[in-house]
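Survey of secondary and tertiary structure
So you can see what is in the structure, the chains are spelled out below.
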Amino acid sequence: MNKSSFDLFKSFAGELDPISLQKKFLLALLKLQNVERGSIWIKKNNCYHCIEAAGKESENIIGIDIDEKQKSIVGWVIENGQRTVADTQSDARHYKELEDRLAVKSSLILCFPLFLKNTTDYNGADYNATSYNNDNPTYIKKEDRAFKPDKSYGKGKTVYGAVQIIDTTPEKSCVNLDERYLNYLQNLVDIGSVALSNAVIYSQKVKETESLKVTLQKLRASSTTIIGQSKKFQACMNLVKSYAASDLHVLITGESGTGKELVAKEIHRAGSRSDKPFLVQNCSAIPESLLESELFGYKKGAFSGAAKDKKGLFEAADGGTVFLDEIGDMPFNIQAAILRVLQNNEVKPVGSNEVIHVNVRIISATNRDIRQMATEGKFRQDLFYRLSVLPIELPPLRERREDIPLLIRYFFRLESLKSGIKEKKLKPDVMQKLISWSWPGNIRELENLIRYLVVITDGQAEGEYIDIDAIPDHFFQPAIHEEFGSIRGPSVTIENNQAVTNQIEKRKIGGYYTGTSNPMGILHQNNNELRNSGNAKYQIEIDFGNQTWDELEENYIRFLLRKNNWNVTWAAKASGLNRSTFASRMRRLGIRKSDICHDLNRK
C-alpha cells in the first residue's frame with residue numbers, strides 16, 4: 001500500500017459535502033481493487049438503502065431498498081460488523097434477484113462495514129445503526145428512538161452501513177484477496193467511513209442551524225405574532241379581522257403593554273395595504289417641534305440645521321399605514337395638522353407654502369382615557385371622532401388569564417431559540433403564582449420576567465424546571481386586581497354578596513387557578529407567610545362592616561394616597577394598577593386634587 005493511497009483517503013477529512021465525499025470514497029476503493037462496480041448502503045428504518053453506486057448500470061442500483069428480512073451480503077455485514085468475501089454463485093447470502101435487471105452480473109463481492117461513533121442523519125433522512133460492545137448491549141438513542149444491537153463485535157463501534165467492491169469478470173481475478181492487503185484496505189475504509197460520518201454530522205448540524213435561523217427569523221420578523229384563546233382576546237381578534245378588510249381609521253385603546261402596536265401591525269398585514277409601508281411614530285417620545293418635522297417633513301432652510309429637504313412620515317408612508325402611538329400625548333397644534341390629513345389627505349412640510357397629497361391609513365393608540373380627555377377639552381373632539389371610526393379596546397392580561405400559560409410557553413420558546421439553550425419550564429406552583437399575579441405591566445411585564453428567568457437559571461441543568469424561589473419578591477406583594485373592581489353598586493356589600501365571594505374564590509382554568517392570591521391588598525402582608533401558605537384558602541383578617549364596594553375601594557385608594565404622600569404614580573404602583581386606570585378610579589369615586597391639598601394643609 002503506497003503513501004499516495006493513504007494521502008488520498010486522509011484528504012477525505014477535509015471534504016464536508018456528504019454527496020461529493022461518498023462518490024470520491026467509492027471510486028477510490030474501486031481504483032485500488034482495479035474494478036469498476038461498487039455501491040454504498042446504509043441501514044434505514046427496516047431496510048438497507050443504496051445511496052451511491054458506480055460502474056455500468058449504476059442508475060439501476062442507486063435508491064434500491066432491500067428488506068432487512070431478506071438475505072443479502074450488505075445486510076449480513078451491517079448486522080455482524082465484519083467484512084466478508086462472497087462468491088455470488090455459491091454464497092446463500094447473495095440476493096440474486098437484485099441483479100435480474102442488470103445485463104452484467106457480479107461474480108465476487110468484497111464488502112466492508114462502515115463504522116462511526118455516533119448515530120446521526122444521512123442527508124437529512126433518519127437511518128438505523130447497530131452498535132457492538134463486548135460488555136453489555138446498550139441502546140443508542142436518536143430523537144428518542146432506541147436501536148438495540150444484535151451482537152457483540154468491535155468494542156465501542158457502531159455500524160451504520162456497508163461498502164461493496166464488486167468483480168464482474170468470470171475469472172474473479174480482479175479483486176486482491178490477500179489478507180494483509182485486505183487489512184490495509186480495511187484501515188483505509190475506516191478512515192473513509194469516519195470522514196463520511198463526520199461530513200454527515202457536519203451537514204446535519206448546518207441544516208439544523210439553518211432551520212433554527214429560519215425559525216428565529218420568522219419569530220423575530222413576525223412581530224405580529226399574537227397569542228391568545230380567551231373569549232375577550234378572541235373578540236378583539238374578530239374585530240381586527242373585520243377592521244383589516246376596511247380602509248377606515250382605527251383607534252386602539254388599552255393599558256401599557258397590552259400589545260397595541262402588534263395589533264396595529266396585524267391590521268396592516270391582513271389589509272389591502274400590506275405591500276406598502278407601515279411606519280410608526282410615538283407621539284410622546286420626542287419634543288413638539290421635532291414631532292412636527294418627523295410627521296410632516298421640512299424644507300431646506302426651514303430652521304437651523306435643515307440642510308436639505310426631508311420627507312415626513314405621512315409622505316414616506318404614502319399608500320400604506322401610519323401608526324401613531326400614544327396619540328393622547330400629542331400637542332394641540334399638531335392635532336390640528338393631523339385633522340387636516342384626515343379631512344383633505346394632505347400635509348404641509350415645515351417651511352413650505354405648498355401642500356403634498358398623501359393616501360395613508362392612520363391607526364392610532366393610547367393607554368389614556370381619550371374619550372374623557374375629549375370631553376374635558378384636553379383632546380380635540382373632532383380629531384377623536386375621526387380617529388375612532390373603528391375603535392378596539394385591548395383587555396389587560398389579568399382579564400385574560402387563560403392566555404398566560406400560552407404566552408409563557410411562547411416566550412420561553414422564543415428565548416430558547418435566541419440563546420441556543422434548552423427550553424425552560426415552570427413548576428406547577430410557579431405557573432399558579434404567575435397566573436394569579438395582577439400584571440400591571442401586562443404582556444410586556446410577562447415577557448421581561450421570562451427573559452429574567454432564562455438568564456438567572458442559565459446555569460441550571462438543562463430541562464430543569466424553574467421553581468418558586470426564582471420568582472422576584474414583588475410577585476408576592478399585595479395588589480388590587482381589575483376583576484374585583486368590576487363589581488360595583490351602592491347596595492353591594494362584601495358580607496352578603498355571593499358574586500364578590502365567587503370572584504375571590506379561586507377559579508380553575510386549564511389545570512391552574514386564576515383567582516388572585518391577594519385580591520384586595522389585605523391578605524398575607526409578609527412575603528414568607530405568603531410563600532409558605534400554599535394559597536390553600538384566603539385568610540381575610542379585616543372586618544369590612546357594612547361598607548359597599550365603592551366605599552371599600554375609595555377608602556383603600558385614600559389609604560394608598562396618604563401612605564405615598566398623595567403621589568398618584570406611587571399609589572397606583574402600590575395598588576398593582578397603571579396610573580391612568582388608578583386616576584380614572586379616583587375621578588369616578590370623586591377623589592380630587594382639592595382633597596389632596598386639603599389633606600396636605602391639614603398635615
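Calculation rules
Residues numbered from 1 in each chain as written. Predicted model: local features only at pLDDT ≥ 70, side-chain atom pairs only at ≥ 80, totals over all residues. Heavy atoms only, no water. pLDDT = per-residue confidence, 0-100. Helix = DSSP H or I, 4+ residues; strand = E, 2+ residues; numbered from the N terminus. Contact = heavy atoms within 4.5 Å. Buried < 20%, exposed > 50% of the residue type's maximum accessible area, 1.4 Å probe, protein only. Patch = residues over 30% accessible without salt bridge, like charges linked within 9 Å, V, L, I, M, F, W, Y side chains within 5 Å. Areas by Shrake-Rupley, 256 points an atom, 1.4 Å probe, with all protein chains shown as cover. Salt bridge = Lys/Arg side-chain N within 4 Å of Asp/Glu carboxyl O. Core = buried A, V, L, I, M, F, W, Y, C linked by side-chain atoms within 4.5 Å. Axes fitted to C-alpha atoms, helices over the stretch in contact; angles between N-to-C directions. Parallel < 35°, antiparallel > 145°, perpendicular 65-115°, else oblique. Left-handed = near helix turned anticlockwise from the far one by under 90°. Nonpolar A, V, L, I, M, F, W, Y, C, P; charged D, E, K, R; others polar. Phe/Tyr/Trp six-rings, centres within 6.5 Å; stacked < 30°, edge-to-face > 60°. Lys NZ or Arg CZ within 6 Å of the ring centre and 35° of its normal. Polar contact = N/O pair within 3.5 Å; in protein donor to acceptor, adjacent residues only side chain to side chain. Pairing = 2+ DSSP bridges.

Turning our eyes to something else, we now look at the confidence of the model for the protein chain. Close reading of the predicted structure is inappropriate where its pLDDT is low. In this model, the protein chain carries a mean pLDDT of 78, and residues with pLDDT of at least 70 account for 74%. Here strand β10 (residues 145–147) stands out as the element of the protein chain with the lowest mean pLDDT, 30, in contrast to strand β12 (residues 250–253), whose mean of 97 is the highest. Long-range and interchain partners of residues 119–126, a stretch whose pLDDT sits below 50, account for 33 contacts in this model, where long-range means more than four residues apart.

Positive phi, close to 55°, is recorded for E326, a residue that is not glycine. With respect to the secondary-structure elements, E326 resides in the loop between β16 (321–325) and α9 (332–344). For E326, a relative accessible area of 14% puts it in the buried group. At W439, a position not held by glycine, the phi torsion is positive, near 50°. Note that W439 resides in the loop between α13 (428–436) and α14 (442–456). You can call W439 buried: its relative accessible area is 0%.

Further remarks concern helix α6 (residues 260–270). Along α6, the positions that sit buried rather than exposed are K260, V263, A264, E266, I267 and H268. As for α6, its buried residues are in contact with α5 (231–244), β12, β13 (278–282), β16, β19 (361–366) and β20 (390–393).

A few words on the side chain of S293. In this fold, S293 is placed in helix α7 (residues 288–296). Excluding anything up to four places from it in sequence, S293 contacts Y298, F303, G312 and V350.

On to a nonpolar patch on the surface. Together, Y452, V455 and I456 line one region of the surface with nonpolar side chains, adding up to about 290 Å² of accessible area. Summarising the element assignment, Y452 is placed in helix α14.

Take the pattern of salt bridges next. Inspection of every chain in the model, using the stated rule, returns 22 salt bridges. A salt bridge links K172 to D87, with the nearest nitrogen and oxygen atoms 2.6 Å apart. Taken together, the positions of K172 in the loop between β11 (157–167) and α4 (179–221) and D87 in strand β4 (residues 84–87) put the pair 85 residues apart, joining distant regions of the chain. According to the relative accessible area criterion, K172 is partly exposed, its value standing at 27%.

This part is about the nonpolar core. Grouped burial of nonpolar side chains is what soluble globular proteins tend to show. Core analysis: the largest hydrophobic core is formed by 29 residues, its most contacted members being L295, F296, F314, L324, I327, I338 and I362. Contributing elements (two or more residues each) for this core: α7, α8 (313–316), β16, α9, α10 (370–375) and α11 (381–387). Broken down by element, the residue count for this core peaks at six residues, all from α9. The contacts of I362, once residues within four sequence positions are left out, are H249, V250, F314, V322, L324, I338, V341, L342 and L387. One finds A54, V175, L185 and V189 within the second-largest nonpolar core, a separate group that totals 27 residues.

Our next topic: the environment of Q381. Inspection of the secondary structure puts Q381 in helix α11. A relative accessible area of 41% means that Q381 is categorised as partly exposed. For the pair formed by Q381 and R371, sequence separation is ten residues and the distance between their alpha carbons is 8.3 Å. If we ignore the near neighbours within four places in the chain, the residues touching Q381 are A374 and T375.

The N-to-C vectors of α5 and α6 enclose an angle of 40°; their axes lie 8 Å apart at closest approach. In terms of their interaxial angle, α5 and α6 are classed as oblique. α5 and α6 meet at a crossing whose hand is right-handed. Contacts from M237, V240, Y243 and A244 in α5 reach V263, E266, I267 and A270 in α6. Among the residues making up the contact of α5 with α6, the classes are represented as seven nonpolar, no polar and one charged.

Next up on the list: the packing of aromatic side chains. Centre distance and the angle of the planes are the two values used to describe a pair of aromatic rings. According to the stated counting rule, one finds eight aromatic pairs in the structure shown. On the basis of an interplanar angle of 65° and a centroid distance of 4.9 Å, the ring pair of Y298 and F303 is categorised as edge-to-face. Taken together, the aromatic side chains of W437, W439 and F475 make up a single cluster linked through ring pairs. Between the NZ or CZ atom of R93 and the centre of the ring of W76, over which it lies, the distance is 4.7 Å.

Tracing the backbone through its elements, the reader meets R93 in the loop between β4 and β5 (108–116). A polar contact of 2.8 Å, which involves the side chain of R93, links it to the side chain of D91. Non-local contacts of R93, meaning those with residues more than four positions away in its chain, are made with K71, S72, I73, W76, T84, V85 and A86.

On to the packing of helix α12 (residues 404–419) against α13, then. In the contact formed by α12 and α13, the axes pass within 10 Å of each other and the chain directions differ by 115°. You can see that α12 and α13 cross each other, and the crossing is right-handed. Here α12 contributes I404, P405 and I408 to the contact with α13, which in turn contributes M431, L434 and I435.

The element β16 is largely enclosed, with a buried count of five among its five residues. Neither face of β16 is exposed, since T321, F323 and D325 on one face and V322 and L324 on the opposite face are all buried. Where β13 lies against β16, five bridges are found, and the strand directions are parallel. Among the inter-strand pairings, Q281 is bridged to a residue of β16, identified as L324. Inspection of the sheet shows β16 paired to β19 by four bridges, in the parallel sense. Residue pairing in the sheet places F323 in a bridge with I363 of β19.

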